[in-house]
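Given next are the chains, with one letter for each unit.
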2 protein chains.
Amino acid sequence: MNNITRVALIGGTHGNELSGIYLLKKWGKNNLFSHWPQLDLTQTIANPRACERSVRYIETDLNREFAIEGLLDSQRVGYEQLLAKKLNYQFGPKGNSPVELMIDLHNTTSNMGACLMLLRKDVFNIGMAAYVKERMPEATIFFQDNLPEQRKRFLVSVAQQGVTVEVGPQPNSVLQQETLELMETMTRHILDYVVLYNEGNLGSLPTEFEAFQYTEDLVLPTDDRGQRIAMVSKRLEQKDFHPVEPGETIMETFEGVPIHWEGNYTAYPLFINEAAYHESHSAMSLSQRIIVRCADYF
Amino acid sequence: MNNITRVALIGGTHGNELSGIYLLKKWGKNNLFSHWPQLDLTQTIANPRACERSVRYIETDLNREFAIEGLLDSQRVGYEQLLAKKLNYQFGPKGNSPVELMIDLHNTTSNMGACLMLLRKDVFNIGMAAYVKERMPEATIFFQDNLPEQRKRFLVSVAQQGVTVEVGPQPNSVLQQETLELMETMTRHILDYVVLYNEGNLGSLPTEFEAFQYTEDLVLPTDDRGQRIAMVSKRLEQKDFHPVEPGETIMETFEGVPIHWEGNYTAYPLFINEAAYHESHSAMSLSQRIIVRCADYF
């Protein structure tokens, strides 16, 4: 793989996730973008109008508008659909982009801490995960390389490589200093890694690290009018990436009837009760804990 | 004072504060409203359209639209301005309402726990606070009877008596079971209290209790373009109702310069970093800790 020099740092893909928006402001004020002179580092607020209004999006979720068919479909002229075309023009075209890495900065209302979300398992991504995890042991590495194709419609898919920095818990439209610092620390490590990766100067990375692998999503049950009839159990509240064994209570109906995890594996939930998934009635995503052996990829 | 029999229980004054909305659903499903047969208890979702869209409001904050001048001003025809007139017709008219008590159910993204917010210090309110605090020691009693007049534009001001149940931390558009249970517990105690109050059967209330008294609001500093140049210090994050001494750091600029509390009293902040106050750049409200002696009011 070539050197990674053109790096796009993105905030405000969702206009009410303030850490990324303010990280770019803070770095601008403090002239931090010049801290990696080896890189051609740009910064962009992806959805400025949504940021102005402090909403996730104006019409549709921008971060689900980057399927190649949608980008090419001239009939899709909703606000974020047009914005996606503009961003694809700016950073793409998808599949043939000159941008070697895009880093998209996000918040979640779930208690996921600092989470590095990766769409591939290749030398570059595995090395990044190992590097970040070693310097930031509290971070979580999450692989979603097995997401269904219709879910891989993220902004970062426009660039050659894309990673998402996902930090929480932080309510929408709130800026918490500690959350901002977690995002800043992880983003710095990623950029440091890119420089060392280019120099072939990574030193000794750990031979293995813990990560989580996406498995499936769980939705809250609804009645025939589409109204929720249950909520996430308080047993799971704030317990992202804690194990849930088959048979454990994961939701509860408003009449007090428990709903159990019916899968046959130990699940590690994430995005538990995430506000943005309110519309889809998603209760959480699930993952499995894995140990990644770097030698398998290097 | 007369008996309190006509009681209006309100959810969804803010459409993205889910605990109140779902408490009414839950009580409906489980036939809980008949649990207080001595009361004429009604339930109302105040802003159904905002609830449908899971936003705080459509055009303006409904819970600031109940100034008497606004209710009488036929030129004020914004969505929530009209809705306020409709609610004033339904529950008022303000100043001459047949509704003896309105209980308005709210969430905050701040870590305020279960907070009973009171607009008066009279026998009924002081008795309620003492009763609730005794049965729910983790609850916080907050008096905002000294709010500036232009701030007393709450929905509950339409009824003869009004209290706000404010529970957090809960992100907007999220329903957490534990937060719902806190709201349910406090609301049950309030209704139980009303029945005993009417019967003159309160038994022995505590002679005194701890409470917090509103003092002022603090805003984040902004530059000449209205952009924030600082954030709430992480020292205060999640520390609602914890003491802040004069001289302590309460905010920090994006360049890392601390901003100190310059008042001359020990302040107890609340609504720290509340998402809804994003537009006004409010950092927090402040209060002072007080001990209320019931004998002063009975």
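Quick notes on the rules
Residues numbered from 1 in each chain as written. Chains lettered and ligands numbered in written order. Predicted model: local features only at pLDDT ≥ 70, side-chain atom pairs only at ≥ 80, totals over all residues. Heavy atoms only, no water. UniProt positions renumbered as here; feature names shortened; annotations may be inferred. Helix = DSSP H or I, 4+ residues; strand = E, 2+ residues; numbered from the N terminus. Rg over C-alpha atoms; globule rule 2.2 N^0.38 Å. Buried < 20%, exposed > 50% of the residue type's maximum accessible area, 1.4 Å probe, protein only. Contact = heavy atoms within 4.5 Å. Areas by Shrake-Rupley, 256 points an atom, 1.4 Å probe, with all protein chains shown as cover. Pairing = 2+ DSSP bridges. Axes fitted to C-alpha atoms, helices over the stretch in contact; angles between N-to-C directions. Salt bridge = Lys/Arg side-chain N within 4 Å of Asp/Glu carboxyl O. Phe/Tyr/Trp six-rings, centres within 6.5 Å; stacked < 30°, edge-to-face > 60°. Lys NZ or Arg CZ within 6 Å of the ring centre and 35° of its normal. Domains from an automatic or database assignment. Buried area = accessible area lost by both parts, 1.4 Å probe. Polar contact = N/O pair within 3.5 Å; in protein donor to acceptor, adjacent residues only side chain to side chain. Expected span 1.5 Å × (residues − 1).

- Naming follows an unreviewed UniProt entry, where chain A appears as Aspartoacylase of Oceanimonas baumannii.
- Regarding chain A, the relevant UniProt record gives this comment under Sequence similarities (unreviewed entry): "Belongs to the AspA/AstE family. Aspartoacylase subfamily."

### A short note on the overall build of chain A
Reasoning step 1: Looking only at helices and strands, chain A features 6 helices and 12 strands.
Reasoning step 2: Expected size for 298 residues packed as a compact globule is a radius of gyration near 19 Å; at 19 Å, chain A falls within 12% of this value.
Reasoning step 3: Based on the C-alpha atoms only, the size of chain A along its principal axes is roughly 60 × 50 × 35 Å.
Reasoning step 4: Buried residues in chain A amount to 58% of all 298 residues.
Reasoning step 5: Sequence separation of 24 or more characterises 72% of the internal contacts of chain A that already satisfy a separation of 6 or more.
Reasoning step 6: Here chain A has roughly 12000 Å² of accessible surface; of this, 48% comes from carbon and sulfur atoms.

### Section: the sheet that holds strand S8 (residues 230–232) of chain A
Residue and element names in this part refer to chain A.
Reasoning step 1: Reading across the sheet, the 3 strands line up as S8-S9-S10 and stay open at both edges, with antiparallel pairing between neighbours. Of all strands in the sheet, those with a lone pairing partner are S8 and strand S10 (258–260), marking the two edges. If you compare each strand with its neighbour and ignore which way they point, the axes differ by 35 degrees on average.
Reasoning step 2: Pairing of S8 with strand S9 (residues 249–253) involves 3 bridges; the strand directions are antiparallel. Within S9, the position partnered with Met-231 by the bridge is Glu-252.

### Quick look at the pattern of salt bridges
Reasoning step 1: Inspection of every chain in the model, using the stated rule, returns 26 salt bridges over all chains.
Reasoning step 2: We note a salt bridge from Arg-289 of chain B to Glu-210 of chain B, for which the minimum N-O separation is 2.5 Å. Placement of the pair is Arg-289 of chain B in strand S12 (residues 282–293) and Glu-210 of chain B in strand S7 (residues 208–219), with a sequence separation of 79 residues.
Reasoning step 3: Among the residues examined, Arg-289 of chain B registers a relative accessible area of 43% and is labelled partly exposed.
Reasoning step 4: Relative accessible area serves as the criterion here: at 27%, Glu-210 of chain B is assigned to the partly exposed category.
Reasoning step 5: The closest approach of N and O atoms between Asp-223 of chain B and Arg-225 of chain B, which form a salt bridge, is 3.8 Å.
Reasoning step 6: Given a relative accessible area of 65%, Arg-225 of chain B falls into the exposed group.
Reasoning step 7: Taken together, the shared-partner salt bridges connect Glu-17, Arg-56 and Asp-61 of chain A into one network.

### Remarks on the UniProt feature "domain: Succinylglutamate desuccinylase/Aspartoacylase catalytic" (unreviewed entry) in chain A
Reasoning step 1: In the numbering used here, UniProt assigns the "domain: Succinylglutamate desuccinylase/Aspartoacylase catalytic" (unreviewed entry) feature to residues 4–193 of chain A.
Reasoning step 2: For residues 4–193 of chain A, the helix share is 35%, the strand share is 19%, and the end-to-end C-alpha distance is 10 Å.

### Points about the sheet that holds strand S6 (residues 162–168) of chain B
All names here are of chain B.
Reasoning step 1: Here 9 strands make up an open sheet; going across it, the order is S2-S1-S3-S6-S4-S5-S7-S12-S11 and the pairing mixed. Only two strands of the sheet have a single partner each, and these edge strands are strand S2 (40–45) and strand S11 (268–270). Taking each pair of neighbouring strands and ignoring which way they run, the sheet shows an average axis angle of 30 degrees.
Reasoning step 2: With respect to the sheet, helix H4 (residues 79–91) is in contact with strand S1 (6–11), S2 and strand S3 (101–107), its orientation differing from that of S2 by roughly 170 degrees.

### Thoughts on the packing of aromatic side chains
Reasoning step 1: Scanning all chains against the criterion turns up 22 aromatic pairs over all chains.
Reasoning step 2: Ring geometry for Trp-27 of chain B against Phe-33 of chain B: centres 5.8 Å apart, planes inclined by 70 degrees, an arrangement best described as edge-to-face.
Reasoning step 3: Here Phe-33 of chain B falls in the buried class, since its relative accessible area comes to 15%.
Reasoning step 4: Summarising the aromatic geometry, the rings of Phe-271 of chain B and Tyr-277 of chain B are spaced 5.5 Å apart at their centres and angled 70 degrees between planes, so their arrangement reads as edge-to-face. Like Phe-271 of chain B, the residue Tyr-277 of chain B is buried in the burial classification.
Reasoning step 5: Every member of this aromatic cluster is reached through a ring pair, and the members are Phe-124, Tyr-131, Tyr-193 and Tyr-197 of chain A.
Reasoning step 6: The lysine or arginine in question, Lys-121 of chain B, covers the ring of Phe-143 of chain B, its NZ or CZ lying 5.1 Å from the ring centre.
Reasoning step 7: Residue placement shows Arg-135 of chain B over the ring face of Tyr-131 of chain B; its charged tip is 3.6 Å from the ring centre.

### A few points about the domain arrangement of chain A
Put simply, an interface is often sized by how much accessible area is lost when its parts join up.
All names here are of chain A.
Reasoning step 1: Domain annotation of chain A identifies domain 1 (6–206) and domain 2 (215–289).
Reasoning step 2: Contacts between the two partners involve 16 residues from domain 1, matched on the other side by 14 residues from domain 2.
Reasoning step 3: Buried area between domain 1 and domain 2, both sides added, is near 1200 Å², and the carbon and sulfur share of it is 50%.
Reasoning step 4: When residues of domain 1 are sorted by the area they lose upon contact with domain 2, Asn-111, Met-112 and Phe-142 head the list and together hold 34% of the total.

### With respect to the UniProt feature "active site" (unreviewed entry) in chain A
Residues and elements named next belong to chain A.
Reasoning step 1: UniProt tags Glu-166 as "active site" (unreviewed entry).
Reasoning step 2: Within the secondary structure layout, Glu-166 lies in strand S6 (residues 162–168).
Reasoning step 3: When its relative accessible area of 7% is taken as the criterion, Glu-166 is described as buried.
Reasoning step 4: The residues contacting Glu-166, other than those within four sequence positions of it, are His-106, Asn-107, Thr-108, Met-112, Gly-113, Ala-114, Cys-115, Met-117 and Phe-271.
Reasoning step 5: A distance of 3.4 Å separates a polar atom in the side chain of Glu-166 from the backbone nitrogen of Thr-108.

### Quick word on helix H6 (residues 177–199) of chain A
Reasoning step 1: With 23 residues, H6 of chain A extends 33 Å between its outermost C-alpha atoms, agreeing within 8% with the 33 Å of an ideal straight helix rising 1.5 Å per residue.
Reasoning step 2: Downstream of H6 of chain A by one or two residues, Gly-200 of chain A has phi in the positive range, about 60 degrees.

### A few points about the side chain of Ser-282 of chain A
Reasoning step 1: Secondary-structure assignment places Ser-282 of chain A in strand S12 (residues 282–293).
Reasoning step 2: Every residue in contact with Ser-282 of chain A, bar those within four places of it in the chain, is listed here: Leu-218, Val-219 and Tyr-277 of chain A.

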